[in-house]
Protein chains: 2
Amino acid sequence: MKETTDELMDATYAALCKHGYASLRMQDIADESSKSKATLHYYYDSKQDLLYALLDYLQESFADRIETLEGDTAADQLVALIETYLTPMNEDSMQEFRTALLEIKAQCPYDEQFRTELDDFDRILHDRFQSILEAGQETGVFRDDFDPDRTADFIVTILNGVQTRHVAVGHPLEQTRETLETYITEHLLAPDRAEVSLE
Amino acid sequence: MKETTDELMDATYAALCKHGYASLRMQDIADESSKSKATLHYYYDSKQDLLYALLDYLQESFADRIETLEGDTAADQLVALIETYLTPMNEDSMQEFRTALLEIKAQCPYDEQFRTELDDFDRILHDRFQSILEAGQETGVFRDDFDPDRTADFIVTILNGVQTRHVAVGHPLEQTRETLETYITEHLLAPDRAEVSLE
């Protein structure tokens, strides 16, 4: 079953990126896998169920990826976490995935399960930022005059804005990276620390 | 014609808020106005054309609203601009409008005209923030060690994030207001200035 799940999740991801959320059909997902539409229906009732499963799957994979972050200091780990967020699972379809995810976010007020999935994702991201900020304050990498909870919340808001503006008006991610570097260097790092650099 | 335009724009706005972008039909817009669907088609080819016209209309109205902002100092005007952005034209359907707007943002990669409309809106907002920040630096209300263009860009990104997270996971606007107050007070205001307060 594990193999089938992996295949169906890959197929759902690929079909979502190719067709977008609004026009996605079960058949599109079947077309991306070796399974028939009937087989898909054996495992999942609807396209919606496949999408819930996909969000679960991506969330677990994201949680795994951010559990251990590269970098010796909390500042490096902060940068690594931002980079992980800005770079989805499959780089080839990055832009398409961002667009589909924004479509799904806009569905949340109509779909309780989408909201629950994205709420979990939001919390995982926030908590990881908070733990890095706390660790960095303890080791003196970060200033001690900001609240790690509030600041983590602020960063998650900024990253949401980055994705939205990138999808909506094509705002360049490069410019955002520079702005985030400046924010971290000037407002979070302890005064004697070297500046950070996002790739 | 002005009266008809105003009526049709109000009807499009109301129908968009009620039905969301994806399931909106010409008939839904006619139902919100005194006109028949046939009359709507006389003025506009499609639902899409009505939505483009609505975005134009909202943009002009927004540009008017932010041309003159309440407040004696640049700091007060900065706060007034943020509040204007966070409070759409019609307060009763605020939440529905934010959701519909996020749906439209997610359509931008598929729809050149939506992108153009939202790009204009993005630029108007950015430029207004920049002019306030510049004026505030000249009068000594703001610190002189930040770049007004970059900082305006950062604030627009943050506001996009605020709207997206609010729609997607119900992140409280109250908390965002506090975080923005802290950001402005600690990082933008000149050191001897009193802190700002968002309503």
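Residues numbered from 1 in each chain as written. Chains lettered and ligands numbered in written order. Predicted model: local features only at pLDDT ≥ 70, side-chain atom pairs only at ≥ 80, totals over all residues. Heavy atoms only, no water.

K.L.:
Requested: an account of the side chain of Ser33 of chain B, with residues and values cited.
P.N.:
Residue and element names in this part refer to chain B. With respect to the secondary-structure elements, Ser33 resides in the loop between helix H2 (26-31) and helix H3 (37-43). Taking relative accessible area as the criterion, Ser33 reaches 16% and is therefore assigned buried. Within the local environment of Ser33, its side chain forms a polar contact with the backbone nitrogen of Lys35, the two atoms lying 3.0 Å apart. The contacts of Ser33, once residues within four sequence positions are left out, are Glu7, Leu8, Ala11 and Leu40. (Helix = DSSP H or I, 4+ residues; strand = E, 2+ residues; numbered from the N terminus. Buried < 20%, exposed > 50% of the residue type's maximum accessible area, 1.4 Å probe, protein only. Polar contact = N/O pair within 3.5 Å; in protein donor to acceptor, adjacent residues only side chain to side chain. Contact = heavy atoms within 4.5 Å.)

K.L.:
If you had to explain the packing of aromatic side chains to someone new, which residues and values would you point to?
P.N.:
Under the criterion given, the structure shown has 16 aromatic pairs over all chains. Arranged with centres 4.9 Å apart and planes meeting at 35°, the rings of Phe62 of chain B and Phe121 of chain B form a pair that is tilted. Placement of Phe62 of chain B in helix H4 (residues 47-67) and of Phe121 of chain B in helix H7 (residues 112-138) is noted, with a sequence separation of 59 residues between them. Through successive ring pairs, a cluster of aromatic residues spans Phe154 and Tyr183 of chain A together with Phe154 and Tyr183 of chain B. The positively charged end of Lys47 of chain A is found above the aromatic ring belonging to Tyr21 of chain A, 4.7 Å away from the centroid. (Phe/Tyr/Trp six-rings, centres within 6.5 Å; stacked < 30°, edge-to-face > 60°. Lys NZ or Arg CZ within 6 Å of the ring centre and 35° of its normal.)

K.L.:
Please provide a residue-by-residue account of empty space enclosed by the protein, values included.
P.N.:
In this approach a probe as big as a water molecule rolls over the atoms, and the regions it shows empty are the leftover space. Residue and element names in this part refer to chain A. Evaluation of the coordinates by the stated rule reveals six cavities of 30 Å³ or more. It is helix H4 (residues 47-67) that provides the largest number of residues to the lining of the largest cavity, a total of six residues. Residue classes in the lining of the largest cavity are distributed as 15 nonpolar, six polar and six charged. (1 Å grid on protein atoms, 1.4 Å probe; cavity = no way out; pocket = protein on both sides within 12 Å on 5 of 7 lines; lining within 4 Å. Points joined across faces, edges and corners; volume = space filled by probe spheres on them. Nonpolar A, V, L, I, M, F, W, Y, C, P; charged D, E, K, R; others polar.)

K.L.:
Quick one: what's the story with the relation of the copies chain A and chain B, residue by residue and with numbers?
P.N.:
Least-squares fitting of chain A to chain B yields an RMSD of 0.0 Å, with the superposition described by an axial translation of 0.0 Å and a rotation of 180°. Look at the turn and shift together and you get a two-fold axis relating the two. In terms of C-alpha distance to the rotation axis, chain A has Gly161 of chain A as its closest residue, with the C-alpha 1.7 Å off the axis. In this assembly, 100% of the residues forming the interface of chain A have copies in chain B that are likewise at the interface, indicating an isologous arrangement. (Least-squares fit on C-alpha atoms with pLDDT ≥ 70 in both.)

K.L.:
Any chance you could break down the interface of chain A and chain B for me, citing the residues and the numbers?
P.N.:
Counting from both sides, the interface comprises 36 residues of chain A and, opposite them, 36 residues of chain B. Around 3400 Å² of area is buried between chain A and chain B when both sides are counted, 57% of it from carbon and sulfur atoms. Considering only the side of chain A, the residues that lose the most area to chain B are Phe154, Arg165 and Val169 of chain A, jointly responsible for 18% of the buried surface there. Measuring nitrogen to oxygen at the nearest pair gives 3.2 Å for the salt bridge that ties Arg165 of chain A to Asp153 of chain B. Here chain A and chain B share 18 residue pairs in polar contact (both at pLDDT 80 or more) between them. Top element by residues in the side of chain A that touches chain B is helix H8 (residues 148-169) of chain A. It accounts for 15 residues. (Buried area = accessible area lost by both parts, 1.4 Å probe. Salt bridge = Lys/Arg side-chain N within 4 Å of Asp/Glu carboxyl O.)

K.L.:
Account for the UniProt feature "domain: HTH tetR-type" (unreviewed entry) in chain A, naming residues and giving values.
P.N.:
According to UniProt, the "domain: HTH tetR-type" (unreviewed entry) feature falls on residues 2-62 of chain A. Secondary structure across residues 2-62 of chain A comprises 77% helix and 0% strand; the distance between its end C-alpha atoms is 18 Å. (UniProt positions renumbered as here; feature names shortened; annotations may be inferred.)

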